Amino acid sequence: MKRGVRLNSFSSYLLLVLLMFLLVIIEVTEAQTCRPSGKIRGRKPPPGQCSEDNDSVCCIKGNLYPTYTCSPPVGRAVLTINSFEKGGDGGGPSECDNRYHSDDTPVVALSTGWFNNQQRCLNNITIRGNGRSVVAMVVDECDSTMGCDEDHDYQPPCPNNIVGASRAVWEALGVPIEDWGELDIVWSDT
């Protein structure tokens, strides 16, 4: 009879350990998942106030746009084209240095979670795509928490997995102009 009790106690212990192990795996997986943190209702931009350069999209009145305070783990991303010049679709001056940058310079804006409260400001990252790689400097945030207002050129909040890059980055990756817009890439801190 005592053997059965020991076996049940041991089985219960193993079951408890297994359950705790599974809970830890689920928590880690949940922590790596970036879910929307809210929504913004679109407002119609005033006439001439939203630049549609580089296939930029303007907010549509009444549409709901998801916001994010996080980004997925560093690695896979979507490269978009962005202008960092005055009057370009990037809006105001770059957040890292309050300056505009030539589109002939390899510079990028990162989604809010990756931008990490300016922790990557003026640091270089390596971008790999189209069989090539390029080093670019982080100069701005692609704001995933706000949008549809003057500060954001009346564009929706940025998705949480974006590396917005200057023309120079696209050229260095050897992507033909007619294919500029979105490209699956991998990036890392340099």
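As shown above, the structure is provided for reference.
Please read all numbers here as calculations on a predicted model, not as lab measurements.

About the criteria used
Residues numbered from 1 in each chain as written. Predicted model: local features only at pLDDT ≥ 70, side-chain atom pairs only at ≥ 80, totals over all residues. Heavy atoms only, no water. Helix = DSSP H or I, 4+ residues; strand = E, 2+ residues; numbered from the N terminus. Buried < 20%, exposed > 50% of the residue type's maximum accessible area, 1.4 Å probe, protein only. Contact = heavy atoms within 4.5 Å. Areas by Shrake-Rupley, 256 points an atom, 1.4 Å probe, with all protein chains shown as cover. Phe/Tyr/Trp six-rings, centres within 6.5 Å; stacked < 30°, edge-to-face > 60°. Pairing = 2+ DSSP bridges. Core = buried A, V, L, I, M, F, W, Y, C linked by side-chain atoms within 4.5 Å. Axes fitted to C-alpha atoms, helices over the stretch in contact; angles between N-to-C directions.

**Some words on the overall build of the protein**
In step 1: If you tally the helices and strands in the protein, you get three helices and eight strands.
In step 2: Secondary structure of the protein in N-to-C order comes out as α-β-β-β-β-α-β-β-β-α-β.
In step 3: The buried share of the protein, reckoned over its 190 residues, is 39%.
In step 4: Contacts spanning at least 24 positions in sequence make up 72% of the contacts within the protein whose residues lie at least 6 apart.
In step 5: Put simply, the protein shows about 11,500 Å² of open surface, and 53% of that area lies on carbon and sulfur atoms.

**Let's talk about the packing of aromatic side chains**
In step 1: For the coordinates displayed, the defined rule picks out two aromatic pairs.
In step 2: Judged by centre distance (5.3 Å) and plane angle (70°), the ring pair of tryptophan 114 and tryptophan 187 falls under edge-to-face. Here tryptophan 114 is found in helix α2 (residues 112–115), whereas its partner tryptophan 187 is found in strand β8 (residues 182–189), with 73 residues between them in sequence.
In step 3: According to the relative accessible area criterion, tryptophan 187 is buried, its value standing at 1%.
In step 4: Aromatic pair tryptophan 170 and tryptophan 180: ring centres 6.2 Å apart, planes at 45°, arrangement tilted.

**Looking at the pairing of strand β5 (residues 124–129)**
In step 1: With six bridges joining them, β5 and strand β6 (residues 132–142) adopt antiparallel strand pairing. Opposite asparagine 124, over in β6, you have methionine 137 as the bridge partner.
In step 2: Linking β5 back to β6 in an antiparallel pair, the connection comprises two residues, with asparagine 130 at a positive phi of about 55°.
In step 3: Bridge count for β5 against β8 is four bridges, and the pairing is antiparallel. Bridge pairing in β8 places isoleucine 125 opposite aspartate 189.

**Some remarks on the pairing of strand β2 (residues 64–67)**
In step 1: Only one face of β2 is buried, namely the one carrying Tyr65 and Thr67, since none of Leu64 and Pro66 on the opposite face is buried.
In step 2: As judged from the four bridges shared by strand β1 (residues 38–41) and β2, these two strands associate in the antiparallel manner. Residue pairing in the sheet places arginine 41 in a bridge with leucine 64 of β2.

**Overview of the nonpolar core**
In step 1: With 24 residues, the main nonpolar core has Leu79, Val108, Leu110, Ile127, Val163, Val169 and Trp187 as its most contacted residues.
In step 2: Taken together, the elements giving at least two residues each to this core come down to β3 (76–81), β4 (107–111), α2, β5, β6, β7 (162–165), α3 (167–172) and β8.
In step 3: In this view, leucine 110 contacts Phe115, Arg120, Ile125, Val138, Asp140, Glu141, Cys142, Ile162, Val163 and Trp187; residues no more than four positions away in its chain are not counted.
In step 4: Grouped together as the second largest cluster of nonpolar side chains are eight residues, Val107, Ala109, Val139 and Cys142 included.

**Considering unusual backbone geometry**
In step 1: For asparagine 117, which is not a glycine, the phi torsion comes out positive at approximately 50°.
In step 2: Overall, asparagine 117 belongs to the exposed group, its relative accessible area being 70%.

**A look at the sheet that holds β3**
In step 1: The strand order β3-β7-β4-β6-β5-β8 describes a closed barrel built from six strands, whose pairing is mixed. The sheet shows a mean angle of 45° between the axes of neighbouring strands, taken without regard to direction.
In step 2: As paired strands, β3 and β8 are joined by five bridges and run antiparallel to one another. By the bridge assignment for β8, arginine 76 is matched with valine 186.

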